[in-house]
Amino acid sequence: MRGPVGWWRGKSTPAKVETYTRWSFHVFAVIEVVSVGLPALPHLPGRPGVWLVLLVCLHAAVCAVTAARSLDWTRGLRPQPVRLLWTLAAVTAAVAVTSLAIAQRGPQGHGLPEVTGTLFAGSLSFGGGTIALGVRDRRRVLAIVVGFAAGAGLYTFPLHIPGLSGLGTMLAVLVGAGFLAFTSLFSVWLLNAVYALDEARETRARLAVAEERLRFGRDLHDVLGRNLSVISLKSELAVQLARRGRPEAVEQMIEVQRIAQESQREVREVVRGYREADLGIELAGAQGVLTAAGIVCEIRDETAELPAPVQSALGWVVREAATNVLRHGDAQRCSVAVRVREGHAVLTVENDGAGALPGGTGGSGPAEGGGSGLAGLRERLAAVDGALEAGPVTGNRFRLVAEVPLRRPVPSADERRVKVKEVAP
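It should be emphasised that the depicted structure is a prediction, and the values quoted were computed from it without experimental measurement. (Residues numbered from 1 in each chain as written. Predicted model: local features only at pLDDT ≥ 70, side-chain atom pairs only at ≥ 80, totals over all residues. Heavy atoms only, no water.)

Draft legend 1. Structural view of the overall build of the chain. For the chain, the helix and strand inventory stands at 13 helices and five strands. Here the chain holds 425 residues, and 37% of them are scored as buried. Long-range contacts, defined here as pairs at least 24 residues apart, represent 68% of the contacts in the chain between residues at least 6 apart. Surface exposure of the chain reaches about 24,600 Å², of which carbon and sulfur atoms provide 62%. (Helix = DSSP H or I, 4+ residues; strand = E, 2+ residues; numbered from the N terminus. Buried < 20%, exposed > 50% of the residue type's maximum accessible area, 1.4 Å probe, protein only. Contact = heavy atoms within 4.5 Å. Areas by Shrake-Rupley, 256 points an atom, 1.4 Å probe, with all protein chains shown as cover.)

Written out as structure tokens, the structure is:
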């Protein structure tokens, strides 16, 4: 089983922000109990004090549940918790009325007015700030905060409390409820912004793939469109000439054959250019993309000019590894190193956040399957007699190592004979 550290690292950045936001609202409930409920026990001993603390705990629990449901509503996971908001308002009113009753009819001990005043203002502040989280219109949020503050000031008239005390309580509720409402709404706004940025990053990756497909489609259209039109016209002309017994039909078909062969050659060149990758360009592109995503990327290129096949193979490894660092895991740092060692070009890609996927396969380890995973990279490297190793290492990191010989081994005489036999008809 994963511990708390693995559980936290296994979350994506938006999920971490959401967890932090939810637990912040729960901490508000704890703060209410500690700062409002428990100080009343020394001044109100016995069962009345215990029941008062239990009432404050009930109010804090309703605030926590309301905040959680309201957060789900802002994320589009639940409908607006209207009944829960009214329930919180009723519980808040009950705590406020109870604190007033204790202040008027309770034992007039030392410090009791201050304790009941704190209880009264605190319950209204926490209640109003939490209820503001369940509405979306800013005017309604302002109306809720001002309404709770005004209600706190109106109690001074029937109880014949001095005006300065009532004004102070009203200002305390206004500041407390306003601060909690602002903090809650800002936290929700920040959470939505993080989710929007994460979706924008995924959209950008999909758009890059779509743009590359469009470019490839345009290249194929430019190459094949004109030649296929010429082939169609010349084939139709050859048919008409053949029906008339004209010898020029043969010349037209020879021209069709030539254009078809030329089109085949041009298509191969387009595909070859599409499949080849420049290592220097891919390293710079990977660093730019990862840095834009908030990942510290360190590039170390200790090589001189590498052969074109080696650059193409390693360039594809860099492209796939950078893509998977963005899509999988929750990496904060990534290092890419290219060096020459014992006649081999060695590419090492290492990143943290490997525990983000089950089994610790996050980060630069591409998912198996298809042409974009480990199998596809191994096929590309096998074409240049290269090898690929990938897996988690210590420190919750993932390491991918690609090794390609700079000179391909010369086949032996027996291997050449086998190849000749395979090619011979």
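We are not done yet, so read on.
Draft legend 2. Structural detail: the packing of aromatic side chains. Summed over the entire model, instances satisfying the criterion amount to three aromatic pairs. Consider the rings of F25 and F28, whose centres lie 6.2 Å apart with planes at 45°: the pair is tilted. Within this pair, F25 and its partner F28 are both found in helix α2 (residues 13–37), separated by three residues, close to a single helical turn. Residue classification places F25 among the buried residues on the basis of a relative accessible area of 6%. The class for F28 is partly exposed, based on a relative accessible area of 21%. (Phe/Tyr/Trp six-rings, centres within 6.5 Å; stacked < 30°, edge-to-face > 60°.)

Draft legend 3. Focus on the nonpolar core. L314 and L347 are the most contacted members of the largest nonpolar core, which totals 31 residues. For this core, the leading source of residues is helix α11 (residues 308–327), giving nine residues. The residues touching L347, leaving out its near neighbours within four places in the chain, are L314, V317, V318, V336, A337, V338, L400, V401 and A402. Judged by nonpolar contacts, the second largest core, of 20 residues, contains A96, I144, A152 and A177. (Core = buried A, V, L, I, M, F, W, Y, C linked by side-chain atoms within 4.5 Å.)

Draft legend 4. Representation of unusual backbone geometry in the model. Unusually for a residue other than glycine, E342 sits at a positive phi of about 55°. Tracing the chain through its elements places E342 in the loop between β2 (333–341) and β3 (344–352). With a relative accessible area of 74%, E342 lands in the exposed category. The phi dihedral of D385 falls on the positive side, at around 60°, and the residue is not glycine. With respect to the helices and strands, D385 occurs in the loop between α12 (374–382) and β4 (387–393). Since its relative accessible area comes to 37%, D385 is described here as partly exposed.

Draft legend 5. Layout of the side chain of D72. Structurally, D72 is set in helix α3 (residues 47–74). One polar contact links D72 to R22, side chain to side chain, over a distance of 2.3 Å. Reaching out from D72, the side chain makes a polar contact with the side chain of R78 at a distance of 2.9 Å. (Polar contact = N/O pair within 3.5 Å; in protein donor to acceptor, adjacent residues only side chain to side chain.)

Draft legend 6. Region of interest: the sheet that holds β3. Spatial ordering of the open sheet is given by β1-β2-β3-β5-β4, a layout of five strands whose pairing is mixed. For this open sheet the edge positions go to β1 (296–301) and β4, each flanked by a neighbour on one side alone. If you compare each strand with its neighbour and ignore which way they point, the axes differ by 10° on average. In the sheet, β2 pairs with β3 via eight bridges, with the strands oriented antiparallel. Note that in β3 the partner of V340 across the bridge is A345. Lying on the sheet, α11 is in contact with β2, β3 and β5 (397–405); it crosses β3 at an angle near 5°. Together, β4 and β5 form the strand contacts of α12, whose direction differs from that of β4 by roughly 145°. (Pairing = 2+ DSSP bridges. Axes fitted to C-alpha atoms, helices over the stretch in contact; angles between N-to-C directions.)

Draft legend 7. Representation of the side chain of T74 within the structure. Along the chain, T74 turns up in helix α3. Looking at T74, its side chain comes within polar contact range of the main-chain oxygen of L71, at 2.6 Å. Once you skip the residues sitting within four places of it in the chain, T74 turns out to touch L133, R136, V188 and N192.

Draft legend 8. Representation of the environment of Q257 in the model. Structurally, Q257 can be placed in helix α9 (residues 248–275). Along the chain, Q257 and S235 lie 22 residues apart, while their C-alpha atoms are 9.9 Å from each other.

Draft legend 9. Up close: a nonpolar patch on the surface. There is a patch of nonpolar side chains on the surface, built from V30, V34, L38, L41, V50, W51 and L54 and spanning about 660 Å² of accessible area. The greatest single-element share of the nonpolar patch, amounting to three residues, is contributed by α3. Within the secondary structure, V30 is located in helix α2. Residue classification places V30 among the exposed residues on the basis of a relative accessible area of 51%. (Patch = residues over 30% accessible without salt bridge, like charges linked within 9 Å, V, L, I, M, F, W, Y side chains within 5 Å. Salt bridge = Lys/Arg side-chain N within 4 Å of Asp/Glu carboxyl O.)

Draft legend 10. Structural detail: the packing of α2 against α3. Two elements in contact, α2 and α3, have axes whose closest approach is 9 Å; the angle formed by their N-to-C orientations is 165°. Our classification of the angle between α2 and α3 gives roughly antiparallel. Every pair of crossing elements has a handedness; the one defined by α2 and α3 is right-handed. Of the residues in α3, those touching α2 at T21, R22, F25, H26, A29, E32, V33 and G37 are V53, V56, C57, H59, A60, C63, A64, A67, A68, L71 and D72. Taken together, the residues that form the contact of α2 with α3 break down as twelve nonpolar, four polar and three charged. (Parallel < 35°, antiparallel > 145°, perpendicular 65-115°, else oblique. Left-handed = near helix turned anticlockwise from the far one by under 90°. Nonpolar A, V, L, I, M, F, W, Y, C, P; charged D, E, K, R; others polar.)

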